[in-house]
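Spelled out, the chains give:
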Amino acid sequence: DVPIATITLVMPGGDATDPLEKAGLAGMAADLADNGTTSRSASEIAARLESLGAGIGITSGPDGVYASVTAPLANLEAAGEVLVDVVRNANYPAEEVERERQRALDGFSATMNDPGSLAALVTTRVLYGDAPYGRVGNMTSMAAITREDLLKHRQTWWMPARAKLVISGGIASDEARRLSEALFGSWLSDAPVPALVRDAAGEPNKARTIVIDMPDAGQAALVAGVRTIARGDDDFYPLWLANTVLGSGSNGRLFEEVRTKRGLAYGAYSSLGQSRDAALLTARAQTKNETADEVVKVFFEQFIRLRETPISEDSLQKRRLFLAGRIARSLETSGGFNGQVANLMLRGIAPREAFAIAERISQVSPDEAVAKAQKYLDPERASLVVGGEAREFLKELKALRGAVEVIPVSELDLGSSELRKPAEEVAAI
């Protein structure tokens, strides 16, 4: 009954296809795709979409790319033509590439002064190493990406062989089929179909405790994380609920202990990633430098509590309703629906699973949630990253964690799994 619809093209590949030395390539290719094609400039694309009341979004994630357009039904085909042009013919004008590169480099410069953003990136590198999921864009890799790299990436990975379409909204299914054929029916390619990335998470690394020493940081940021499972694993739903008890929202145990009871931070949360291979479960917070060790202690106490203390049925039911309500709300819009379905498809899961999530959650018992916490949320397997003024908490952190690696922020290298710049480069600083 709503005269708006969304078309989403789902293409496998994504950030996991980046070469280590050019991490950030897939994301840059997605970000710049609507900045010019062989027949339209960036301003012409923007003007055409505005005249149609439409919007385009192209996003690269670990497992693939989503290219979407949302428009009033009367203009959907015309807006879809712009989407097709962008996907098939993005030509990455040199001036746009340089502008985006400078924006990215400026962003990384800001990140190097932001404990929270930096701790998150370091955590990804620590837990995945040089495996495909561990390749995060950095100053060196972004500077190395060329226009030719972007074109080659699009031509290699944005191809029809494995692409899938999701169309939803106020459109009849027969019209959706006609529209998909009209827009994409002539999209053919003789190029070799690239092999999908396998074992994107790589082998587990040993747990590490790393401090990024940032002498001018006003606060310390903490991230504690473990590697877990793929989205399609049978353990996913029980672990998802266990994580929700731990730290999803202001009703999570982390928030209650860190913020409500102790006033150590404005908030403390945890999240479970969703990916085709092993995802991360991370807990995070920002606090005063001098109380960083207290928050670390709370994190691991709550990990242990979740593993050792039964969850009441009433408490778990509240978390079921929280998750089910969030999913239901996202399915109420065409963009939200397409996002849910696209995520499932990229993880090798049937689209209909989007409508089964509430039922799957309802079948998880308190004992199952605790069992999965016991299986995956082991403090001995957890890595910890703290970014902040090390002298304020290092002694106490060593007492809690034993061996601690301290890396001055000036010596940090996100391109290396060791996270340190070469000795000769450090000596030149």
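Data block above holds the structure.
Description of the structure in this document.

Conventions and cut-offs
- Residue positions are counted from 1 within each chain, in the order its sequence is given.
- Local features in this predicted model are restricted to residues whose pLDDT is 70 or higher, and side-chain atom pairs enter the listing and the counts only when it is 80 or higher, whereas totals over whole chains, interfaces and linings include all residues.
- As a rule here, side-chain values come from all non-hydrogen atoms in the structure, and water together with hydrogens is ignored.
- Numbering of helices and strands runs from the N terminus, with a helix taken as a DSSP run of H or I at least four residues long and a strand as a DSSP run of E at least two residues long.
- Two things to know: the radius of gyration comes from C-alpha atoms, and the globule rule equals 2.2 Å times the number of residues to the power 0.38.
- Think of it in three bands: with a 1.4 Å probe and only protein chains considered, a residue is buried below 20% of the maximum accessible area for its type, exposed above 50%, and partly exposed in between.
- Working convention for charge: Lys and Arg count positive, Asp and Glu count negative, and His plus the chain ends are omitted.
- Lys charges are placed at NZ, Arg charges at CZ, Asp charges at CG and Glu charges at CD.
- When DSSP finds two or more bridges between two strands, those strands count as paired.
- Every angle, taken between N-to-C directions, lies between 0 and 180 degrees, and every axis is a line fitted to C-alpha atoms, over only the stretch in contact when it is a helix.
- Contacts are assigned to residue pairs with any non-hydrogen atoms lying within 4.5 Å of each other.
- We call two N or O atoms a polar contact when they sit within 3.5 Å, provided that within protein one can donate a hydrogen and the other can accept it, with sequence-adjacent residues counted only if both atoms are side-chain atoms.
- Here a cavity means grid points, on a 1 Å grid over the protein atoms only, where a 1.4 Å probe fits yet cannot get out; a pocket means an open set of points with protein on both sides within 12 Å along at least five of seven lines; lining residues are those with an atom within 4 Å of a point.
- Grid points are joined across faces, edges and corners, and a volume is the space filled by probe spheres set on the points.
- We call a set of buried Ala, Val, Leu, Ile, Met, Phe, Trp, Tyr and Cys residues a nonpolar core when their side-chain atoms join them within 4.5 Å.
- Side-chain rings of Phe, Tyr and Trp, where Trp is taken by its six-membered ring, are said to pair if the distance between their centres is within 6.5 Å; with planes under 30 degrees apart they count as stacked, over 60 as edge-to-face, and otherwise as tilted.
- What makes a crossing left-handed is the near helix being turned counterclockwise from the far one by less than a right angle; a clockwise turn instead makes it right-handed.
- Residue polarity is assigned by list, with Asp, Glu, Lys and Arg as charged and Ala, Val, Leu, Ile, Met, Phe, Trp, Tyr, Cys and Pro as nonpolar; anything else, Gly included, falls into the polar class.
- By definition here, a salt bridge exists when the distance from a side-chain nitrogen of Lys or Arg to a carboxyl oxygen of Asp or Glu is within 4 Å.

**Considerations on the overall build of the protein**
- A tally of helices and strands in the protein yields 17 helices and ten strands.
- On C-alpha atoms alone, the protein measures out to a radius of gyration of 23 Å, which is about the 22 Å that the 2.2 N^0.38 rule sets for 429 residues.
- Dimensions of the protein, computed from C-alpha atoms along their principal axes, come out at roughly 65 × 60 × 35 Å.
- For the protein, buried positions account for 53% of its 429 residues.
- On the protein, the mean spot of the 48 positive side-chain charges and the mean spot of the 58 negative ones are 4 Å from each other.

**Observations regarding the sheet that holds strand 8 (residues 280–287)**
- With mixed pairing, six strands are arranged side by side in an open sheet as 7-8-6-9-5-10. The open sheet has two edge strands, strand 7 (268–272) and strand 10 (405–408), and neither has a second partner. Each neighbouring strand pair of the sheet contributes to a mean axis angle of 15°, computed without reference to strand direction.
- Here four bridges tie strand 5 (residues 209–213) to strand 10, and the two strands are oriented parallel to one another. Within the sheet, the bridge partner assigned to D213 lies in strand 10 and is P408.
- Taken strand by strand, helix 11 (residues 292–308) contacts strand 6 (220–227), strand 7, strand 8 and strand 9 (383–388), and its axis lies near 25° from that of strand 6.

**Let's talk about the side chain of S270**
- Here S270 is to be found in strand 7.
- Among the polar contacts made by the side chain of S270, one reaches the side chain of N243 at a distance of 2.7 Å.

**Remarks on empty space enclosed by the protein**
- Applying the stated criterion to the full structure yields one cavity of 30 Å³ or more.
- Here the largest cavity defines a volume of roughly 50 Å³.
- In terms of lining, the largest cavity is formed by M11, P12, T156, W157, M159, R162, A163, V193, P194 and L196.

**Some details on the nonpolar core**
- Formed by 51 residues in total, the largest nonpolar core has its most connected members in V211, W240, F299, F303, L306, V386 and L397.
- Those residues within four positions of V386 in sequence are excluded, and the remaining contacts are I210, V211, I212, A220, A221, L222, V296, F393 and L397.
- Among the nonpolar cores identified, the runner-up in size contains 46 residues, and A33, I45, L150 and F184 belong to it.

**Brief notes about the packing of aromatic side chains**
- Following the criterion strictly, the structure yields eight aromatic pairs and no others.
- Ring geometry for Y128 and Y133: centres 5.4 Å apart, planes at 70°, overall edge-to-face.
- Exposure remark for Y128: the relative accessible area of 7% places this residue in the buried category.
- Aromatic side chains F255 and Y269 sit 5.8 Å apart centroid to centroid with 50° between the ring planes, which places their arrangement in the tilted category. Of this pair, F255 sits in helix 10 (residues 253–261) while Y269 sits in strand 7, and the two are 14 residues apart along the sequence.
- With a relative accessible area of 29%, Y269 lands in the partly exposed category.
- By way of ring pairs, the aromatic residues F236, Y237 and W240 are connected into one cluster.

**Quick word on the sheet that holds strand 4 (residues 164–169)**
- An order of 2-3-1-4 is seen for the four strands of this open sheet, with the pairing classed as antiparallel. At either end of the open sheet lies a strand with only one pairing partner, and these are strand 2 (55–60) and strand 4. Along the sheet, successive strands turn relative to each other by an average axial angle of 15°, direction set aside.
- As paired strands, strand 1 (residues 4–12) and strand 4 are joined by six bridges and run antiparallel to one another. Paired with A5 across the strands is G169, a residue of strand 4.
- Set on the sheet, helix 3 (residues 76–89) makes contact with strand 1, strand 2 and strand 3 (64–72); between it and strand 3 the angle comes to about 155°.

**Description of the packing of helix 10 against helix 11**
- Running from N to C, helix 10 and helix 11 cross one another at 150°; their axes reach a closest spacing of 10 Å. Pair helix 10 / helix 11 crosses with right-handed handedness. From helix 10, R253, L254, E257 and V258 reach across to helix 11, where they touch V295, V298, F299, Q302, R305 and L306.
- When grouped by side-chain class, the residues that make up the contact of helix 10 with helix 11 number six nonpolar, one polar and three charged.

**Quick notes on the side chain of K22**
- Relative to the elements of secondary structure, K22 occurs in the loop between strand 1 and helix 1 (25–32).
- A relative accessible area of 19% places K22 in the buried class.

**Structural notes on the pattern of salt bridges**
- For the structure shown, the criterion picks out 20 salt bridges.
- With a closest N to O distance of 3.0 Å, K261 and E257 form a salt bridge. Here the residue K261 and the residue E257 both occupy positions in helix 10, the gap between them amounting to four residues, near one helical turn.
- The buried category is assigned to E257, whose relative accessible area is 8%.
- The partner of R360 in a salt bridge is E353, and the shortest N-O contact between them spans 2.9 Å.
- Judged by its relative accessible area of 33%, R360 falls in the partly exposed class.
- Judged by relative accessible area, E353 falls into the buried class, the value being 10%.
- Linked through salt bridges whose partners overlap, the residues forming this network are E257, K261, R262 and E301.

**A look at unusual backbone geometry**
- Even without glycine at this site, Y92 takes up a positive phi of about 50°.
- Structurally, the position occupied by Y92 is in the loop between helix 3 and helix 4 (94–111).

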